[in-house]
Amino acid sequence: MSGLILALKRSDRAYYISESDVKIYSLEELQYYIYNNLYLVTESFFTPGLADYIINVLDLPVLGKKLEVMIKKGVSYKDMVSLVLSYGSYYTVGEVRDAEADMRETGDLSLAEKLKSKGDNLVRNNKYIQARKVYEALLSQIDKGSKNEDFVATVWNNLGFTYMGLFLYEEGYYCYKMAADCKLSQPILDRLAISALLSENKELIEDVEKQYGVSSDDLDEYRVYIEKSIRKIRVEPKILNNFSDFKLRTKENMESYYSRVDAVIEGWKQSYREEVN
């Protein structure tokens, strides 16, 4: 698996997860995979082969045998997820509870709906790069003609939102255009116009006018809306609250200012690490 994972014991022999074409070599990698791919984990994920790998390759007989018994009894996959994630200390009690809550929320959904739910949760946490990958993976698996048009339109709309959040306005526009092709609505039309104007791409603006009948007066109204929204934007609150120390410029205040600014920047860096994992 890619990414930095601290494994206490790593085997030379891999366990292959066919659903994702992934190989894992440790309990921690298995836990990481399950936690970050809950939408793919069902009863079929937990096989006698996985239990055998945990017992004989990872040398974790207590966990493996518990899992083996649960598989034979036909216990819910949710209980098996909780068992594996709770073993050791890779995930905290709170993180395991979050995973259990996610499973309760999405347990009866289809795979497509689970993928969308995962993307939506990432968007709510402003993790646009990760959300974009999820939506793109979902769209690659579904055929527009074979699914509910509302569902497909919503996925394209949400993908467009991730691009807008990354200031990639032209890409956002084309996503909204795909959503409109599935099912045109006023909110989609609004987003088409706004993304075209923000892109400052004349061809896109002309496309909005010709393809969707948006008048020049309508575009002027959208421009006013954009200007008002921009004026509402404020400096990062944590930086703004620290600015009083900067204005005073005493040695003590500056040390406090730099310390708190460093903390904010470190938070941004951590968010970035999470985005690109």
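All figures in this text were calculated on a predicted structure; none of them were measured in a lab. Along each chain, numbering runs from 1 in the same order as the chain's sequence is written. Where local features are concerned, this predicted model is filtered to residues with pLDDT of at least 70; where side-chain atom pairs are given and counted, the filter is 80 or more; whole-chain, interface and lining totals use all residues. Excluded from the side-chain calculation are hydrogens and water; included are all heavy atoms of the structure.

**Some details on the overall build of the protein**
Phase 1 of the analysis: Strands are runs of DSSP state E lasting at least 2 residues, helices are runs of H or I lasting at least 4, and numbering of each runs from the N terminus. Within the protein, the secondary structure is distributed over 14 helices and two strands.
Phase 2 of the analysis: Relative to its 277 residues, the protein shows a buried fraction of 40%. Only protein chains enter the accessibility calculation, which uses a 1.4 Å probe. A residue is then buried if its area is under 20% of the maximum for its type, exposed if over 50%, and partly exposed in between.

**A word on the packing of aromatic side chains**
Phase 1 of the analysis: Stacked, edge-to-face and tilted labels apply to pairs of Phe, Tyr and Trp rings (six-membered ring for Trp) whose centres lie within 6.5 Å, assigned for plane angles under 30 degrees, over 60, and everything in between, in that order. According to the stated counting rule, one finds eight aromatic pairs in the structure shown.
Phase 2 of the analysis: Pairing Tyr 90 with Tyr 91 gives two aromatic rings, centres 4.9 Å apart and planes at 90°, and the pair type is edge-to-face.
Phase 3 of the analysis: The exposure class of Tyr 90 is partly exposed, given its relative accessible area of 25%.
Phase 4 of the analysis: Both rings, one in Tyr 128 and one in Phe 161, keep their centres 6.0 Å apart while their planes meet at 70°; by these two values the pair is edge-to-face. Of this pair, Tyr 128 sits in helix H7 (residues 128-141) while Phe 161 is found in helix H8 (residues 149-165), placing the two residues 33 residues apart along the sequence.
Phase 5 of the analysis: A relative accessible area of 41% places Phe 161 in the partly exposed class.
Phase 6 of the analysis: Ring pairing ties together the aromatic residues Tyr 33, Phe 45 and Phe 46, which thus form one cluster.

**Comments concerning unusual backbone geometry**
Phase 1 of the analysis: For Asp 59, which is not glycine, the phi torsion reads 60° and is therefore positive.
Phase 2 of the analysis: Relative to the assigned elements, Asp 59 resides in the loop between helix H2 (48-57) and helix H3 (61-73).
Phase 3 of the analysis: Although it is not a glycine, Glu 200 sits at a positive phi angle of roughly 60°.
Phase 4 of the analysis: Considering the arrangement of structural elements, one finds Glu 200 in the loop between helix H10 (186-199) and helix H11 (202-212).

**Observations regarding the nonpolar core**
Phase 1 of the analysis: To form a nonpolar core, buried Ala, Val, Leu, Ile, Met, Phe, Trp, Tyr and Cys residues must be joined to one another through side-chain atoms within 4.5 Å. One finds Ile 34, Phe 45, Phe 46, Leu 67 and Val 81 to be the most contacted residues of the largest nonpolar core, which totals 75 residues.
Phase 2 of the analysis: Ranked by residues supplied to this core, first place goes to H8 with eight residues.
Phase 3 of the analysis: Contacts of Phe 45, omitting those with residues within four sequence positions, involve Ile 17, Glu 19, Leu 30, Tyr 33, Ile 34 and Leu 50. Between two residues, a contact is recorded if the distance between any of their heavy atoms is within 4.5 Å.

**What about H7?**
Phase 1 of the analysis: Multiply 1.5 Å by the residue count of a helix minus one, and that product is the helix's expected span. Taking 1.5 Å as the rise per residue, H7 with 14 residues should run 20 Å; its terminal C-alpha atoms sit 20 Å apart, in good agreement.
Phase 2 of the analysis: All of the buried residues in H7 are Tyr 128, Gln 130, Ala 131, Val 134, Tyr 135, Leu 138 and Leu 139.

**Side note on the side chain of Asn 201**
Phase 1 of the analysis: Tracing the sequence through the fold places Asn 201 in the loop between H10 and H11.
Phase 2 of the analysis: When neighbours within four sequence positions are excluded, Asn 201 is seen to be in contact with Glu 170 and Ala 196.

**Some remarks on the packing of H8 against helix H9 (residues 169-182)**
Phase 1 of the analysis: The angle between two axes is taken between their N-to-C directions and runs from 0 to 180 degrees, where each axis is a line fitted to C-alpha atoms and a helix contributes only its stretch in contact. At a minimum axis distance of 8 Å, the contact between H8 and H9 shows a crossing angle of 170°. By the angle between their axes, H8 is roughly antiparallel relative to H9. For the pair H8 and H9, contact is made by Glu 149, Val 152, Ala 153, Trp 156, Asn 157, Leu 159, Gly 160, Phe 161, Tyr 163 and Met 164 and by Tyr 169, Glu 171, Gly 172, Cys 175, Tyr 176, Met 178, Ala 179 and Cys 182, respectively.
Phase 2 of the analysis: Looking at side-chain class alone, the contact of H8 with H9 contains 13 nonpolar, three polar and two charged residues. Angles below 35 degrees are treated as roughly parallel, those above 145 as roughly antiparallel, those between 65 and 115 as roughly perpendicular, and all remaining angles as oblique. Residue classes follow a fixed rule: Ala, Val, Leu, Ile, Met, Phe, Trp, Tyr, Cys and Pro count as nonpolar, while Asp, Glu, Lys and Arg count as charged, and any other residue, Gly among them, counts as polar.

**Considerations on the pattern of salt bridges**
Phase 1 of the analysis: Criterion for a salt bridge: a side-chain nitrogen of Lys or Arg within 4 Å of a carboxyl oxygen of Asp or Glu. This model, assessed by the stated rule, comprises five salt bridges.
Phase 2 of the analysis: Where Lys 116 meets Asp 120, a salt bridge forms, and the shortest distance between an N and an O atom there is 2.6 Å. Of this pair, Lys 116 and Asp 120 both sit in helix H6 (residues 111-124), separated by four residues, roughly a single helical turn.
Phase 3 of the analysis: Note on Lys 116: relative accessible area 17%, which makes it buried.
Phase 4 of the analysis: A salt bridge links Lys 177 to Asp 207; the nearest nitrogen and oxygen atoms lie 2.8 Å apart. Of this pair, Lys 177 sits in helix H9 while Asp 207 sits in helix H11, placing them 30 residues apart in sequence.

**A look at a negative patch on the surface**
Phase 1 of the analysis: Taken together, the side chains of Glu 170, Glu 171, Glu 203, Glu 206 and Glu 209 define an acidic patch exposed on the protein surface.
Phase 2 of the analysis: Sorting the residues of the negative patch by element identifies H9 and H11 as the ones contributing at least two each.
Phase 3 of the analysis: Of the residues forming the negative patch, the biggest block, three residues, is contributed by H11.
Phase 4 of the analysis: Inspection of the secondary structure assignment puts Glu 171 in helix H9. Like-charged residues are merged into a patch within 9 Å and nonpolar side chains (Val, Leu, Ile, Met, Phe, Trp, Tyr) within 5 Å, provided each residue has over 30% relative accessible area and no salt bridge. Methods summary: accessible areas were calculated by the Shrake-Rupley approach with a probe of 1.4 Å, and residue burial reflects only the protein chains presented. Under this rule, positive means Lys or Arg and negative means Asp or Glu; His and the chain ends count for nothing. To locate a charge, the coordinates of NZ of Lys, CZ of Arg, CG of Asp or CD of Glu are taken.

**Points about the environment of Thr 47**
Phase 1 of the analysis: Residue position: Thr 47 is located in the loop between helix H1 (27-36) and H2.
Phase 2 of the analysis: For Thr 47, a relative accessible area of 24% corresponds to the partly exposed category.
Phase 3 of the analysis: Sequence-wise, Thr 47 and Glu 68 are 21 residues apart; in three dimensions their C-alpha atoms are separated by 8.2 Å.
Phase 4 of the analysis: The residues touching Thr 47, leaving out its near neighbours within four places in the chain, are Tyr 15 and Ile 71.

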